[in-house]
Amino acid sequence: MAKKKTKFMCQNCGYESPKWMGRCPGCGEWNQMVEEVEIIGKGRKGSLSPSDEGRSKAEPINAIQTENEPRVETKLKEFNRVLGGGVIPGSLVLIGGDPGIGKSTLLLQVSSQLADTDKKVLYISGEESVKQTKLRAERLNVSSPSLYIYAETNLELIHQTISDLSPDFVVVDSIQTVYHPEITSAPGSVSQVRECTAELMKIAKTKGIAIFIVGHVTKEGAIAGPRLLEHMVDTVLYFEGERHHTYRILRAVKNRFGSTNEIGIFEMKEFGLDEVENPSEIFLEERSKGSSGSTVVASMEGTRPVLVEIQALISPTSYGNPRRMATGIDHNRVSLLMAVLEKRVGLLLQNQDAYLKVAGGVKLDEPAIDLAIAVSIASSFRDHPTRPADCIIGEVGLTGEVRRVSRIEQRVQEAAKLGFTRVLVPDKNIGGWKVPEGIELIGVATVEEALRQAFN
Ligand code: TYD
Ligand code: MG
């Protein structure tokens, strides 16, 4: 007979305690401790016994054979790229995102495309009935004889079905709805999520099935359930975007099989998600040329350069402390650049409110966008528009110097592709690479020089 043990677990961080507490000592959150029952001795039997079947052996590293990673590609190139070049059999991928952002839509599309490559795909929906999923599939114009839909939340039955059907790919939508029948706590609780993920991991690794799991996101933006979940899986992707915009960004935050700073850009259309092959175009689509406070920068997103508009609005503070607000960029960096402009260029910004925004809802966090931010701020402050065909690239140091950036050639090429004619770059970056035709390259050494060039 299995023994039961009750404990209290923080639903936010996974902290365990033998007694209930109002405030979690682990993360400081209130009212997050929930009673959960752990079953000892059952379900885990044999997991430590040496006679375990399918047990792996320690091998000398030179004796390990590696085949070329047999990645399976979908038709969505953006999706393949974020995964590092395609889906790896036997991997466990977690996709997180706000409700309604399009996770189920994306995975249903991916499932059907994988099914079209003669692979068997099992789509398990814990949130919608088989009929509802079918309706969605009809809307997405998805149908493939090797795509199976299964509405179930009991992990034991799911395991059984996977064994019977032996699919190549499995989608579990979502991890918060499935439950392990041997654990009495509610679906979505920390123990359930953890055990179910561990079980799915085992299935993925032993049977060589690639499993995608959908995870809901809490209001703070983390995948519900403890951080632990992210440690367990091979790849963590976030699907983000603003509800009011049709663009969606798929971002890798952890990837055991590829780079983590890749993004994939999609557009939600009436009949599903469509990939956006030229993101720079869409990010610059609504740019109003000739207004002050707007500049364009070529930022690297993973391995590809993307042109984005940086907007600034500087206006006198009406009362109290000046406000500094930034969307898509770190506001501390904005404060730092404003201090540099004040001290090194002599712009009187201390009584000014500053609002900064990266148009299109992308987040930028690389130093090469500094100079564009500084020029946007100065442009709005002086109410002097920059030239619409200028692209500005450079990192700014505390003494007001403009520092070298990486991959300058790719950035300038992207600017040339989209019809920009002049690019301001750090002067240390000049030379040693081919300047695309039709581009006037201007090297700048300081922020002051950059402002002079931008406004002449
Ligand atoms: P969904 O995939 O259900 O989101 P999630 O699984 O992340 O909760 O996406 C739902 C939203 O997408 C819904 O608001 C409607 C919209 N949508 C479209 O615009 N076009 C489509 O073809 C589909 C299927 C959904
Ligand atoms: Mg869904």
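Residues numbered from 1 in each chain as written. Chains lettered and ligands numbered in written order. Predicted model: local features only at pLDDT ≥ 70, side-chain atom pairs only at ≥ 80, totals over all residues. Heavy atoms only, no water.

S.K.: Just checking my understanding: could you explain the environment of glutamate 195 for this structure?
M.R.: Inspection of the secondary structure assignment puts glutamate 195 in helix H5 (residues 190-207). Overall, the relative accessible area of 18% leaves glutamate 195 in the buried class. It is 49 Å that separates the C-alpha atoms of glutamate 195 and valine 412, two residues lying 217 residues apart in sequence. (Helix = DSSP H or I, 4+ residues; strand = E, 2+ residues; numbered from the N terminus. Buried < 20%, exposed > 50% of the residue type's maximum accessible area, 1.4 Å probe, protein only.)

S.K.: Even after reading the chapter, I still don't get the sheet that holds strand E10 (residues 247-255), so can you show me in this structure?
M.R.: Consider a sheet: its strands pair through backbone hydrogen bonds, and that pairing is either parallel or antiparallel. Read across the open sheet, the 9 strands follow the order E6-E5-E7-E8-E4-E9-E10-E11-E12; overall the sheet is mixed. Of all the strands in the sheet, the pair left with one neighbour each is strand E6 (147-150) and strand E12 (272-275). Pairwise comparison of adjacent strand axes, ignoring direction, gives a mean angle of 25 degrees for this sheet. The pairing of strand E5 (residues 121-125) with E6 spans 4 bridges and is parallel. In the sheet register, leucine 122 faces E6, and the bridge partner there is tyrosine 148. (Pairing = 2+ DSSP bridges. Axes fitted to C-alpha atoms, helices over the stretch in contact; angles between N-to-C directions.)

S.K.: Would you mind showing me how to read the packing of helix H2 (residues 103-116) against helix H3 (residues 130-139) here?
M.R.: Axis separation between H2 and H3 bottoms out at 11 Å; the angle between their running directions is 75 degrees. By the angle between their axes, H2 is roughly perpendicular relative to H3. Contact residues: H2 offers Ser104, Thr105 and Leu108, while H3 offers Thr133, Arg136 and Ala137. Looking at the contact of H2 with H3 residue by residue, the class counts come to 2 nonpolar, 3 polar and 1 charged. (Parallel < 35°, antiparallel > 145°, perpendicular 65-115°, else oblique. Contact = heavy atoms within 4.5 Å. Nonpolar A, V, L, I, M, F, W, Y, C, P; charged D, E, K, R; others polar.)

S.K.: How should I be thinking about the site of ligand 1 in this particular structure?
M.R.: Neighbouring ligand 1 are 16 residues; Gly100, Lys103, Ser104, Thr105 and Gly272 lie closest to it. At a separation of 3.4 Å, an oxygen atom of ligand 1 approaches a polar backbone atom of isoleucine 101. Coverage of ligand 1 by the protein chains reaches 75% of its 560 Å² of free accessible surface. Only H2, H3 and strand E11 (263-269) provide two or more residues apiece to the shell around ligand 1. (Near = heavy atom within 4 Å. Polar contact = N/O pair within 3.5 Å; in protein donor to acceptor, adjacent residues only side chain to side chain. Areas by Shrake-Rupley, 256 points an atom, 1.4 Å probe, with all protein chains shown as cover.)

S.K.: Before we go on, may I ask you to explain the side chain of glutamine 176 in this structure?
M.R.: Locating glutamine 176 in the fold gives a position in the loop between strand E7 (169-173) and H5. A distance of 2.9 Å separates a polar side-chain atom of glutamine 176 from the backbone nitrogen of histidine 216.

S.K.: Help me understand the sheet that holds strand E15 (residues 324-327), please; the structure alone is not making it clear to me.
M.R.: Ordered in space as E13-E14-E16-E15, the 4 strands form an open sheet in which the pairing is mixed. Pairing within the sheet leaves two strands with one partner each, and these edge strands are strand E13 (294-301) and E15. For this sheet, the mean inter-axis angle between neighbouring strands, taken without regard to orientation, is 20 degrees. Judged from the 4 bridges that link them, E15 and strand E16 (residues 352-358) form a sheet pairing that is parallel. Each residue of the ladder has a partner; that of arginine 324, found in E16, is alanine 354. On the sheet, helix H8 (residues 331-345) packs against E15 and E16 and is oriented at approximately 125 degrees with respect to E15. Contacts between helix H10 (residues 408-417) and the sheet are confined to E13 and strand E14 (304-316), with E14 contributing the most and set at about 80 degrees to the helix.

S.K.: Honestly, the packing of aromatic side chains in this entry has me stumped. Any pointers?
M.R.: Where two aromatic rings form a pair, the distance of their centres and the angle of their planes describe that pair. A full pass over the atoms with the stated rule returns 2 aromatic pairs. Between phenylalanine 79 and phenylalanine 212 the ring centres are 6.1 Å apart and the planes differ by 45 degrees, which places this aromatic pair in the tilted class. Here phenylalanine 79, found in helix H1 (residues 77-82), pairs with phenylalanine 212, found in strand E8 (residues 210-216); they are 133 residues apart in sequence, far enough to count as distant. There is no split in this pair, since phenylalanine 79 and phenylalanine 212 are both buried. Here the aromatic rings of phenylalanine 239 and phenylalanine 266 are separated by 6.1 Å at their centres, their planes lie at 75 degrees, and the arrangement is edge-to-face. Here phenylalanine 239, found in strand E9 (residues 235-240), pairs with phenylalanine 266, found in strand E11; they are 27 residues apart in sequence, far enough to count as distant. Note on accessibility: phenylalanine 239 and phenylalanine 266 belong to one class, buried. (Phe/Tyr/Trp six-rings, centres within 6.5 Å; stacked < 30°, edge-to-face > 60°.)

S.K.: Would you mind going over the packing of helix H9 (residues 370-382) against helix H11 (residues 447-454) with me for this structure?
M.R.: In a pair of packed helices, the angle between the axes and the distance between the axes together describe the arrangement. With their axes 10 Å apart at the nearest point, H9 and H11 run at an angle of 60 degrees to one another. Judged on the interaxial angle alone, H11 and H9 are oblique. As for how H9 packs across H11, the hand of that crossing is right-handed. Residues Leu371, Ala374, Val375, Ala378 and Arg382 of H9 lie in contact with H11, whose contacting residues are Val447, Ala450, Leu451 and Ala454. Of the residues belonging to the contact of H9 with H11, the class tally is 8 nonpolar, no polar and 1 charged. (Left-handed = near helix turned anticlockwise from the far one by under 90°.)

S.K.: Whenever I open this one, the pattern of salt bridges confuses me. Can you help?
M.R.: In the structure shown here, the tally under the stated rule is 18 salt bridges. Two residues, glutamate 16 and arginine 194, come together in a salt bridge whose shortest N-O distance is 3.9 Å. Within this pair, whereas glutamate 16 is found in strand E2 (residues 16-17), its partner arginine 194 is found in helix H5, the two being separated by 178 residues in sequence. Residue classification places glutamate 16 among the partly exposed residues on the basis of a relative accessible area of 39%. Among the salt bridges present, the one from aspartate 370 reaches arginine 333, with a minimum N-O distance of 2.8 Å. Within this pair, whereas aspartate 370 is found in helix H9, its partner arginine 333 is found in helix H8, the two being separated by 37 residues in sequence. One connected set of salt bridges, linked through shared partners, spans Glu78, Arg81, Glu262 and Arg304. (Salt bridge = Lys/Arg side-chain N within 4 Å of Asp/Glu carboxyl O.)

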